[in-house]
Amino acid sequence: MASSSSLMLLTIALLISSFTVASAGNFNQDFKITWGDGRANILNDGQLLTLSLDKASGSGFESQNEYLFGKIDMQLKLVAGNSAGTVTAYYLKSEGSTWDEIDFEFLGNLSGDPYILHTNIFSQGKGNREQQFYLWFDPTADFHTYSILWNPQRIVFSVDGTPIREFKNQESKGVPFLKSQAMRIHSSLWNADDWATRGGLVKTDWSAAPFTASYRNFNAEACIWSSGASSCSSTSTNNGGWLSQELDSTSQERMRWVQKNYMIYNYCADVKRFPQGLPVECSTS
């Protein structure tokens, strides 16, 4: 079974051995505002996008394109000050009841307390793969780059070029992988004070509203999916290398450093949550 799975991965790689670069960061061209009634704004000739949240509503946007594999970068500056109760979500997601999804969620906190970076992966509608981290900097003081590498072999979450999490393709062990559903990029800023901060104990302070998150320098080296076909062709070459990219020894060491010093929750270590045994992928992830 492992050999047939490897053959399938090789076939996928050959079929899409190229990439289309969505040129860095024009929000007017690459994205559309989906909700918020004026609370989301594209500024500076498409170079900056802001989302705002007040007591009446949050706001959000999504990519014009759908992608099937890629390396996605976005710079974010998160809600400053007392952001308790707010969530800034930045994620890839497909449609339907058995959707795929790759999540960055930034859970706000009281002034002076650290943000929590919440990550999750859904395959065929099943999630429950949460890992949470503190960050080693103040994500509200300046822009930082949050990246998703998604190829047929793995998904890697990175912050400012440092990998923090890797989810490998383990279809050979019966774990569904995200390989057949194209996904759009989504982002939203919304009120989740029923759970976001200290399990919902700390509520949103609306006297500090409006809350604002900012985005810039979007870049996608990716296969664009349109009308049932990929923009990547078997006759092109994967110049960027992301389609077969893996973590080298230095990157693995940096990821272990982050996980040792900044990871605060790992579903693969939560034996109370999974009394029947940890998920299969946890044995080698």
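Numbering of residues begins from 1 in every chain and follows the order in which that chain's sequence is written. Two thresholds apply to this predicted model, a pLDDT of at least 70 for residue-level local features and 80 or more for giving and counting side-chain atom pairs, whereas whole-chain, interface and lining totals are computed over all residues. Computation of side-chain values: all heavy atoms of the structure, hydrogens and water removed.

The name given to the protein in an unreviewed UniProt entry is Xyloglucan endotransglucosylase/hydrolase, with the source organism recorded as Rosa chinensis. UniProt annotates the protein under Function (unreviewed entry) with the comment "Catalyzes xyloglucan endohydrolysis (XEH) and/or endotransglycosylation (XET). Cleaves and religates xyloglucan polymers, an essential constituent of the primary cell wall, and thereby participates in cell wall construction of growing tissues." UniProt positions are given in the numbering used here, feature names are shortened, and annotations may be inferred rather than shown by experiment.

S.K.: Hey, could you run me through the state of the cysteines in this one?
M.R.: Throughout, a disulfide means two cysteine sulfur atoms within 2.5 Å of one another. Per the stated rule, a full pass over the model turns up two disulfides. There is a disulfide in this structure between cysteine 223 and cysteine 232, and the S-S distance comes to 2.1 Å. As the torsion about the S-S bond is roughly -105°, the cysteine 223-cysteine 232 disulfide counts as left-handed. For the pair cysteine 223 and cysteine 232, a shared accessibility class is recorded, and that class is buried. Each disulfide in the protein links cysteines that, numbered along the sequence, combine into the pattern 1-2, 3-4. The cut-offs for exposure are 20% and 50% of the maximum accessible area for each residue type, with area from a 1.4 Å probe on protein chains only; residues under the lower value are buried, those over the upper are exposed, and the others partly exposed.

S.K.: Looking at this structure, how should I read the confidence of the model for the protein?
M.R.: Caution applies to low-pLDDT regions: their predicted coordinates should not be interpreted in detail. pLDDT expresses how confident the predictor is about each individual residue, on a scale running from 0 to 100. Chain-level statistics for the protein give a pLDDT mean of 90 and a share of 88% at 70 or above. In this analysis, two residues are considered to be in contact whenever any of their non-hydrogen atoms come within 4.5 Å of each other. The low-confidence segment residues 6-23 (pLDDT under 50) makes 54 contacts with residues lying over four places distant or belonging to another chain.

S.K.: Can you help me understand the side chain of threonine 145 in this one?
M.R.: Considering the arrangement of structural elements, one finds threonine 145 in strand S10 (residues 144-150). Only 3.1 Å separates the side chain of threonine 145 from the side chain of glutamine 75, close enough to count as a polar contact. Beyond its immediate stretch of four places on either side in the chain, threonine 145 contacts Asp73, Met74, Gln75, Ser158, Val159 and Asp160. In DSSP terms, a helix is any run of H or I states spanning at least four residues, a strand is any run of E spanning at least two, and both are numbered starting from the N terminus. Within 3.5 Å is the distance limit for a polar contact, defined as a pair of N or O atoms, with the added protein rule that one can donate a hydrogen and the other accept it, and that residues adjacent in sequence qualify only through two side-chain atoms.

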